[in-house]
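# Coordinate analysis (summary)
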Amino acid sequence: MPDYMAGWEALNRQMDRGASWSGSERNNAFLNLGDGTFADASALLGIDFKDDARAVVTTDWDGDGDLDVWLRNRTGPQLRLLRNDMPRDRHWIAFELVGTHANRDAIGARVTVEAGGRRMVRTVSSGDGYLSQSSRRLHFGLGETEKIDRITIVWPRGGSEVMGSRPVDALYRIRQGWRAAERVERNVAALQAGPPMSTPTAGTVAIPLRVPLPLPPSIRSHVWGEAAPTHWTALNLWSRTCVPCRAELGDWSKNRSALEAAGIDVVALGVDEDDPEASARWFASASRSAFPDKPLGAKLREIVEALVLNVRRLDTDLVLPTTLLVDDKGAIQVIYLGKTPAKDLIADRSWMGGVPPHQRSLRGGRWFFSMPRDWGALAAKLRHLGNADDASVYDK
């Protein structure tokens, strides 16, 4: 394999594990000192996040005359708005150019503003950053300067225009060849801070599936034997070393009658192999013997891990507890990572059982439909694990 192909393979494996391209490097912002040098002002400006940042956009988002910054990250939070609130005694001027002989968006036009002994140049660009585009309006910060001396516009495909002084603290629309500047009224947005977002408990995630994932024959026979499922079933993976598992099983046993009334059976799938007797005693104590336990061996655990990772698209260790909510056809409808209350199982069973998959709209989140399910990869993984019969279910 060529070296560059091996490099791409390694990078793809890193990305599948949720790793960062840039290794959690902090964002940087540099201050132009006006003498040909720059100072690192990242921490001072509060922009030195350890996000896996990808794109940056500048625009006067709130219409107050200074440039705000949008950051786009690969990891969460995926969007950040850094609102710039400069003192009101700082002045500015901005231009929106419209081409007539040149392209309408005036891409490539260059504006020079001379004011207070300074000469500033901006160019209208398109696609000015990686996966990003800042506002096409050209913004000039003037500091304490209150008077513009001269404005020069060089249009693409030739031709230039020179304008005299204009009042500052204003946005102007300039059309090529008109030799006039139209003042544009700005919509000043009053951005209000929203209520603080509650942080979900780490490791507690529910993943409803828009396309249900059929269980393979090995797992079906392990749970139901030769019979077919007749109810929805919560397949719960647990370990006696898992503290949340005890709390979850205790909650489910306390609400056993409600689960049964909702048409949900519970089957526990222990993953401990070192001391089966100790695990059996632990499970009987945690679940109050309310549910059957059918411990998974190493091979069956690998199959369940392959099913979960095919949905998550992350090459990470299996979270415990994990629960697969399976319908009466033997297909996974929801995957729960972390401790899940019985009331959530009951609510999801009622909701997902009553609406066909193609008509569902997800409450409280987004469907995982932007990434099509990779059936071929799942089949290949199961074949690699020596489970040809299981793999054949996903050969589509």
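Residues numbered from 1 in each chain as written. Predicted model: local features only at pLDDT ≥ 70, side-chain atom pairs only at ≥ 80, totals over all residues. Heavy atoms only, no water.

For the rest of this paragraph, the subject is the pairing of strand β16 (residues 264-270). Across the seven residues of β16, six count as buried, placing the element largely inside the fold. Across seven bridges, strand β15 (residues 232-238) lies against β16 in parallel orientation. Its bridge partner being in β16, Asn 236 is matched across the sheet by Ala 268. (Buried < 20%, exposed > 50% of the residue type's maximum accessible area, 1.4 Å probe, protein only. Helix = DSSP H or I, 4+ residues; strand = E, 2+ residues; numbered from the N terminus. Pairing = 2+ DSSP bridges.)

By secondary structure assignment, the location of Val 334 is in strand β18 (residues 331-337). Relative accessible area serves as the criterion here: at 0%, Val 334 is assigned to the buried category. As a C-alpha pair, Val 334 and Ala 206 span 128 residues in sequence and 6.8 Å in three-dimensional space. Residue contacts for Val 334: discarding those within four places in its chain leaves Ile 207, Pro 208, Thr 323, Leu 324, Leu 325, Asp 348 and Met 352. (Contact = heavy atoms within 4.5 Å.)

Strands sit in the order β8-β7-β10-β11 across an open sheet of four strands; the sheet is antiparallel. Edge positions in the sheet fall to β8 (118-123) and β11 (160-163), since each has one partner strand and no second. On average, each strand axis in the sheet is inclined to that of its neighbour by 15°, with strand direction left out of account. Of the strand pairs in this sheet, strand β7 (residues 110-115) and strand β10 (residues 150-154) are connected by five bridges, and their pairing is antiparallel. Its bridge partner lying in β10, Arg 110 is registered against Val 154. (Axes fitted to C-alpha atoms, helices over the stretch in contact; angles between N-to-C directions.)

The next subject is the pattern of salt bridges. The full count for this structure, using the stated rule, is 17 salt bridges. Taking the shortest distance from any N to any O, the salt bridge between Arg 137 and Glu 96 comes out at 2.9 Å. Taken as a pair, Arg 137 in the loop between β8 and β9 (138-143) and Glu 96 in strand β6 (residues 91-98) lie far apart in primary sequence, 41 residues in all. Between Arg 301 and Glu 305 there is a salt bridge, and its shortest N-O distance comes to 3.1 Å. Separated by four residues within a single helix, Arg 301 and Glu 305 lie in helix α7 (residues 298-312), roughly one turn from each other. (Salt bridge = Lys/Arg side-chain N within 4 Å of Asp/Glu carboxyl O.)

Now for the packing of helix α3 (residues 217-224) against α7. At a minimum axis separation of 10 Å, α3 and α7 run at an interaxial angle of 120°. If you check the angle between α3 and α7, you find them oblique. Two packed elements cross with a definite hand, and for α3 against α7 that hand is left-handed. For the pair formed by α3 and α7, the contact residues are Ser 218, Ile 219 and His 222 on the first element and Leu 300, Ile 303 and Val 304 on the second. (Parallel < 35°, antiparallel > 145°, perpendicular 65-115°, else oblique. Left-handed = near helix turned anticlockwise from the far one by under 90°.)

What follows deals with the confidence of the model for the protein chain. Close inspection of predicted coordinates is inappropriate for parts of the model with low pLDDT. With 85% of its residues at a pLDDT of at least 70, the protein chain reaches an overall mean of 86. Overall, residues 197-201 carries pLDDT values under 50, and its contacts beyond four positions in sequence, including any with other chains, amount to zero contacts. In this model residues 361-370 is a low-confidence stretch, pLDDT under 50, and it forms 18 contacts with partners more than four residues away in sequence or in other chains. (pLDDT = per-residue confidence, 0-100.)

Let's shift gears to α3. Ser 218, Ile 219, Val 223 and Trp 224 are the residues of α3 that are buried. Turning to α3, the residues buried within the fold contact β15, β16, α7, β17 (322-326) and α10 (388-392). Just beyond α3, the residue with positive phi is Gly 225, at close to 65°.

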